[in-house]
Amino acid sequence: MQLRIPEGYKAKLDLRETEVAIKKLKDYFENALAYELYLTRVSAPLFVKPETGLNDNLNGTERAVAFDIADDNHAIVEVIHSLAKWKRMALGRYEFGINEGLYTDMNAIRRDEELDNLHSIYVDQWDWEKVITKDMRNTEFLEKTVKQIYRAFIRTQNYITEEYPVLEKWLPDEIYFVTSQELLDSYPELTAKERENKICEEKKAVFVMQIGGALSNGERHDGRAPDYDDWSLNGDILFWNPLLGSAFELSSMGIRVDEEVLEKQLEIAGCPERRELAFHKGVLERQLPYTIGGGIGQSRICMYFLQKAHIGEVQASIWPQEMIDACEAVHVHLL
């Protein structure tokens, strides 16, 4: 458990104001995102069968919450980590066309998460995905999509600060693009997280690209599963959080693997056996559409725009008693 509360911190909205503001903020951003990316809202599963290969393996070490279903011959199912793969299959099944997409209200449990100001075992995000062509699998299209999402962030900032004038505007007019290798070249003496802090403090809003593959120092900027994002065409949206004095991740996204990239990344990750799973066969046999997609943290957005010091101020979850007591001692009220 890690906890860091800014000295002299006091929430700008009380508990009931916060609950009302959360609803306003989520509703507004959801509509803004759907407008910018031309998305249709769909229903999504809370759990999937592991043999489908649909669950997100994250960094490959996290344990999924699993249970058996009595009325299905005690088949084992897993609570999702995210819907990165399911969305791609859904786009094909629902026959979405080029430049059409979907989004869903995703809820997940990540039991191995290290709890701190930003991380909870409960994950809520807008998972979105769009159909593209193979020709659209390039950096230019990725950056164009990021700019569309950033417009939704700017519109949301303008809306919520009008609703609650006590809140400040922290975002710049434009988002800055940089690759993970460029960050390493600029700050070779710093760790990956320190490099993110450095660039975010300077630029305020940053999209760090190309995450998952090895850099020139032999290390990875951050972990990524090998079977959904193309490591050369993905990235994280990071904002500078002046309250916490650190970079603040709001979204992970990217252009998804095609058949060639999936083969390559499975080999690099040492898990070629995944080729036999249903999802992976669909990609390798070109039965699934080419897509771009990502997840945008709902509680992260609320925490950032409502200028809260702890994610537990905007979501109800489970916290160690030690953390609860430490927060109460400095008047940080967890939901």
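Throughout this description, residue numbers start from 1 for each chain and increase along the sequence as written. Given that the model is predicted, a residue must reach a pLDDT of at least 70 before its local features are reported, and side-chain atom pairs must reach 80 or more before they are shown or counted; all residues, however, enter totals for whole chains, interfaces and linings. Derived side-chain values reflect all non-hydrogen atoms in the structure, with water molecules and hydrogen atoms excluded from consideration.

- The chain goes by Aspartate--ammonia ligase in an unreviewed UniProt entry, where it is assigned to Cellulosilyticum lentocellum.
- UniProt positions are given in the numbering used here, feature names are shortened, and annotations may be inferred rather than shown by experiment. Quoted verbatim from the Catalytic activity (unreviewed entry) heading of the UniProt record, the comment on the chain is "L-aspartate + NH4(+) + ATP = L-asparagine + AMP + diphosphate + H(+)".

### Thoughts on the overall build of the chain
- Put simply, DSSP marks the helices as runs of H or I at least four residues long and the strands as runs of E at least two long, and each gets a number from the N terminus on. The number of helices and strands found in the chain is nine helices and eleven strands.
- For the chain, the spread of C-alpha atoms along the principal axes amounts to about 55 × 50 × 40 Å.
- Only protein chains enter the accessibility calculation, which uses a 1.4 Å probe. A residue is then buried if its area is under 20% of the maximum for its type, exposed if over 50%, and partly exposed in between. Counting only residues that meet the buried cut, the chain has 53% of its 335 residues in that class.
- For this analysis, residues touch if any pair of their heavy atoms sits within 4.5 Å. Considering only intrachain contacts with a sequence separation of at least 6, the fraction spanning at least 24 residues in the chain is 74%.
- Computed with a 1.4 Å probe, the accessible areas rest on the Shrake-Rupley method; for each residue, only the protein chains presented here act as cover. Summed over all atoms, the accessible surface of the chain reaches about 15300 Å², with 48% contributed by carbon and sulfur.
- Here the chain contributes 39 positive and 58 negative side-chain charges, whose respective centroids are spaced 3 Å apart. The charged-residue count follows a simple rule in which Lys and Arg add positive charge and Asp and Glu add negative charge, with His and chain termini not counted at all. By convention, the charge on Lys lies at NZ, on Arg at CZ, on Asp at CG and on Glu at CD.

### Quick notes on the packing of aromatic side chains
- Here the aromatic set is Phe, Tyr and Trp, taking the six-membered ring for Trp, and pairing holds for ring centres within 6.5 Å; pairs whose planes are under 30 degrees apart are stacked, those over 60 apart are edge-to-face, and all others are tilted. Throughout the structure, instances matching the rule amount to 13 aromatic pairs.
- Look at Y28 and Y159: their rings are 4.4 Å apart centre to centre, the planes differ by 5°, and that puts the pair in the stacked class. Taken together, the residues Y28 in helix α1 (residues 15-37) and Y159 in helix α3 (residues 139-163) connect sequence positions 131 residues apart.
- Both rings, one in Y304 and one in F305, keep their centres 5.1 Å apart while their planes meet at 85°; by these two values the pair is edge-to-face.

### Digging into the sheet that holds strand β1 (residues 39-41)
- By this definition, two strands are paired if DSSP reports at least two bridges between them. Taken in spatial order, the eight strands make up an open sheet running β1-β5-β6-β11-β10-β9-β8-β7, and their pairing is mixed. The sheet terminates laterally at β1 and β7 (176-179), the two strands that pair on one side only. With strand direction ignored, the average angle separating the axes of adjacent strands in the sheet is 25°.
- Axis definition: a line fit to C-alpha positions, over the contact stretch in the case of helices; interaxial angles, taken between N-to-C directions, run 0 to 180 degrees. Packing against the sheet, helix α2 (residues 84-93) makes contact with β5 (101-109), β6 (122-132), β10 (246-256) and β11 (290-297), and its axis sits at approximately 35° to β6.
- Sheet strands touched by helix α5 (residues 192-203): β7, β8 (205-209), β9 (229-241) and β10. Its angle to β9, the strand with the most contacts, is close to 60°.

### Considerations on the state of the cysteines
- By convention in this document, the label disulfide applies to cysteine sulfur atom pairs within 2.5 Å. Counting across every chain of the model gives zero disulfides.
- Free of any disulfide, C200 has its nearest neighbouring cysteine sulfur in C302, separated by 20 Å.
- Its relative accessible area of 0% is what places C200 among the buried residues.
- No disulfide involves C327; its sulfur sits 18 Å from that of C302, the nearest cysteine.
- C327 sits in the buried class, given a relative accessible area of 0%.

### Some details on the pairing of β11
- Counting buried residues in β11 gives eight out of eight residues, a clear majority hidden from the surface.
- Side chains Y290, I292, G294 and I296 of β11 all project onto a buried face; the interleaved residues T291, G293, G295 and G297 project onto the opposite face, where all are buried too.
- The sheet contact formed by β6 and β11 spans eight bridges and is antiparallel. The residue bridging Q125 from the neighbouring strand is G297, located in β11.
- Across five bridges, the pairing between β10 and β11 is antiparallel. Bridge pairing in β11 places S251 opposite I296.

### Let's talk about the side chain of H310
- Inspection of the secondary structure assignment puts H310 in the loop between α8 (298-305) and α9 (321-329).
- Definition of a polar contact: a pair of N or O atoms within 3.5 Å, with one able to donate and the other able to accept a hydrogen when the atoms are protein atoms, and with sequence-neighbouring residues admitted only if both atoms are side-chain atoms. Within the structure, the side chain of H310 is placed 2.8 Å from the backbone nitrogen of G312, a separation counted as a polar contact.
- Each residue touching H310, except ones within four places of it in the same chain, is listed here: L3, D116, N117, M303, W319, M323, C327, V332 and L334.

### Let's talk about the UniProt feature "domain: Aminoacyl-transfer RNA synthetases class-II family profile" (unreviewed entry) in the chain
- The UniProt entry lists residues 111-320 under the feature "domain: Aminoacyl-transfer RNA synthetases class-II family profile" (unreviewed entry), expressed in the numbering used here.
- End-to-end, the C-alpha atoms of residues 111-320 are 13 Å apart, and along that stretch the chain is 33% helix and 25% strand.

### Comments concerning the sheet that holds strand β3 (residues 66-69)
- Sheet architecture is open: three strands sit in the order β2-β4-β3, paired in antiparallel fashion. Both outer strands of the open sheet, β2 (47-48) and β3, are each paired with one neighbouring strand and no more.
- Of the pairings in the sheet, the one linking β3 to strand β4 (residues 75-79) comprises four bridges and is antiparallel in character. Across the sheet, F67 pairs through a bridge with V77, a residue of β4.

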